[in-house]
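Fold and contact review
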Amino acid sequence: MASPSGSGVAAGVRLCLGSDWGPSGTRNVLWELKVADLWNKTESVFTDEELVRMVTSNPGAALSGVWPRPVGKLEPGALADLVVVRRSAAGTYRSVIEATESDIRLVVVGGRARYGLRSLMTPLAPAATSIKVGRLSRAIDYGDPAVTWKTVVADLEKIRSDPAGASARAAVTFAAFIGDGVAGNGLADSFVLLPDMPAPEVDDEILRGGPATPSPDPVTIPPLEPLTTSTAWFDTVDANPFHNGLLSGLRAYA
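Anyway, here's the lowdown on the structure attached to this text. (Residues numbered from 1 in each chain as written. Predicted model: local features only at pLDDT ≥ 70, side-chain atom pairs only at ≥ 80, totals over all residues. Heavy atoms only, no water.)

1. Description of the side chain of Asn 58
Here is the rule: Here a helix means four or more residues in a row that DSSP labels H or I, a strand means two or more in a row labelled E, and each is numbered from the N terminus. Whether two residues touch is decided by their heavy atoms; if any such pair falls within 4.5 Å, the residues are in contact.
Considering the arrangement of structural elements, one finds Asn 58 in helix α4 (residues 57–63). Residues in contact with Asn 58, not counting those within four places in the same chain, are Arg 14, Leu 15, Cys 16 and Arg 53.

Here's what the structure looks like:
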């Protein structure tokens, strides 16, 4: 999370939060919201409602000019993306800010229940399959009966055990995709990895029709991390010098 200035907020700048890269110390939007809360406890710039709006109505408003249907708020005609969390004694907005993975009761995407407690998912999404979140049992619906949490983990482990083979399979799929409808642009003969940060050198490679340098050496992919936070995760955050101890307070939300 980049620290906003009080003057920017006073000027009416709309702020949004989202999950980002590893050095931010968080795993998802729930924890990024807690980073904002930690910062705000020192600076006292935002109300709890304003913090929650940074992950709901503010991003929705920012997308309103390019998305055909409203998001980020509950109203007729909106896309109906919502999350239900366990309400705590601290109040509505604090319940969202302090919620962890185990507090999630239901996730609805586009009006369809996709993840949540079995008691809620069974009537809403009968085809949902089981998923373990820490010690908790939840249900998830990918929208495809052939896809379950077990198949997702199996596919990820297959990639982890043989990254080179996965890359080769992806190249074949990519080439077939290019051949189906984007032929003639020089991409059909190369599998290109596009990073999420600006990389002009990659743009040049695409224009040339492939990478200018040899493929990188094989990499070792670490084991899949648990879906919930743990003592080990907090210890890793504390040990990261990048934060200078600023995120050690995250442990108190667990």
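Here the narrative resumes.
2. Re the pattern of salt bridges
As a reminder of what qualifies: Counted as salt bridges are all cases of a side-chain nitrogen of Lys or Arg within 4 Å of a carboxyl oxygen of Asp or Glu. Note on exposure labels: buried denotes an accessible area under 20% of the residue type's maximum, exposed denotes more than 50%, and partly exposed covers the range between, all computed with a 1.4 Å probe on protein chains only.
Enumeration over the complete set of coordinates arrives at 12 salt bridges. For the salt bridge of Glu 225 with Arg 27, the shortest nitrogen-to-oxygen distance reads 3.5 Å. With Glu 225 in the loop between α9 (200–208) and α10 (231–239) and Arg 27 in the loop between α1 (6–10) and α2 (29–43), this pair connects stretches of sequence that are 198 residues apart. A salt bridge links Arg 53 to Glu 49, with the shortest nitrogen-to-oxygen separation between them at 3.0 Å. Placement of both Arg 53 and Glu 49 in helix α3 (residues 48–53) is noted, with a separation of four residues, approximately one turn of the helix. Assessed through its relative accessible area of 36%, Arg 53 is described here as partly exposed. Residue classification places Glu 49 among the partly exposed positions, given a relative accessible area of 30%.

3. Let's talk about the sheet that holds strand β3 (residues 112–116)
Two pairing modes exist for strands in a sheet, parallel and antiparallel, and in both the strands are linked by backbone hydrogen bonds. Worth spelling out the cut-off: Strands pair, by our definition, only if DSSP identifies at least two bridges between them. For every element, the axis is a line fit to its C-alpha atoms; helices are fit only across the contacting stretch, and the angle between N-to-C directions ranges from 0 to 180 degrees.
Ordered in space as β1-β2-β3-β5-β4, the five strands form an open sheet in which the pairing is antiparallel. Only two strands of the sheet have a single neighbouring strand rather than two, namely β1 (82–85) and β4 (129–133). For this sheet the average axis-to-axis angle between neighbouring strands, irrespective of direction, equals 25 degrees. Sheet analysis places strand β2 (residues 104–109) next to β3, joined by four bridges and oriented antiparallel. Note that in β3 the partner of Val 108 across the bridge is Ala 113.

4. What to know about the environment of Leu 51
Note on placement: Leu 51 falls in helix α3. Separated by 42 residues in sequence, Leu 51 and Tyr 93 place their C-alpha atoms 8.4 Å apart.

5. Re the nonpolar core
Our working definition: Nonpolar cores are built from buried Ala, Val, Leu, Ile, Met, Phe, Trp, Tyr and Cys residues. Side-chain atoms within 4.5 Å join them into one set.
Counting 17 residues, the largest nonpolar core has Trp 31, Tyr 115, Trp 233 and Leu 250 as the members making the most contacts within it. Elements represented by at least two residues in this core include exactly α2, β4 and α10. Here this core takes four residues from α2, the largest share from any one element. Membership of the second largest hydrophobic core comes to 10 residues, among which are Ala 36, Phe 46, Leu 51 and Met 54.

6. Section: the packing of aromatic side chains
Put simply, the test is: Two rings from Phe, Tyr or Trp (for Trp, the six-membered ring) form a pair when their centres sit within 6.5 Å of each other. Planes less than 30 degrees apart are called stacked, planes more than 60 degrees apart edge-to-face, and all others tilted.
All chains considered together, the criterion is met by four aromatic pairs. Here Trp 31 and Phe 234 contribute two aromatic rings whose centre-to-centre distance is 5.7 Å and whose plane-to-plane angle is 65 degrees, an arrangement assigned as edge-to-face. Of the two residues, Trp 31 sits in helix α2 while Phe 234 sits in helix α10, which places them 203 residues apart along the sequence. Owing to a relative accessible area of 5%, Phe 234 belongs among the buried residues under this scheme. Put simply, the rings of Trp 31, Trp 233 and Phe 234 pair up and form one aromatic cluster.

7. As for unusual backbone geometry
Even without glycine at this site, Ser 44 takes up a positive phi of about 55 degrees. Within the fold, Ser 44 resides in the loop between α2 and α3. The class of Ser 44 is exposed, set by a relative accessible area of 59%. Phi at Ala 80 is positive, roughly 65 degrees, even though this residue is not glycine. Mapped onto the fold, Ala 80 is located in the loop between α4 and β1.

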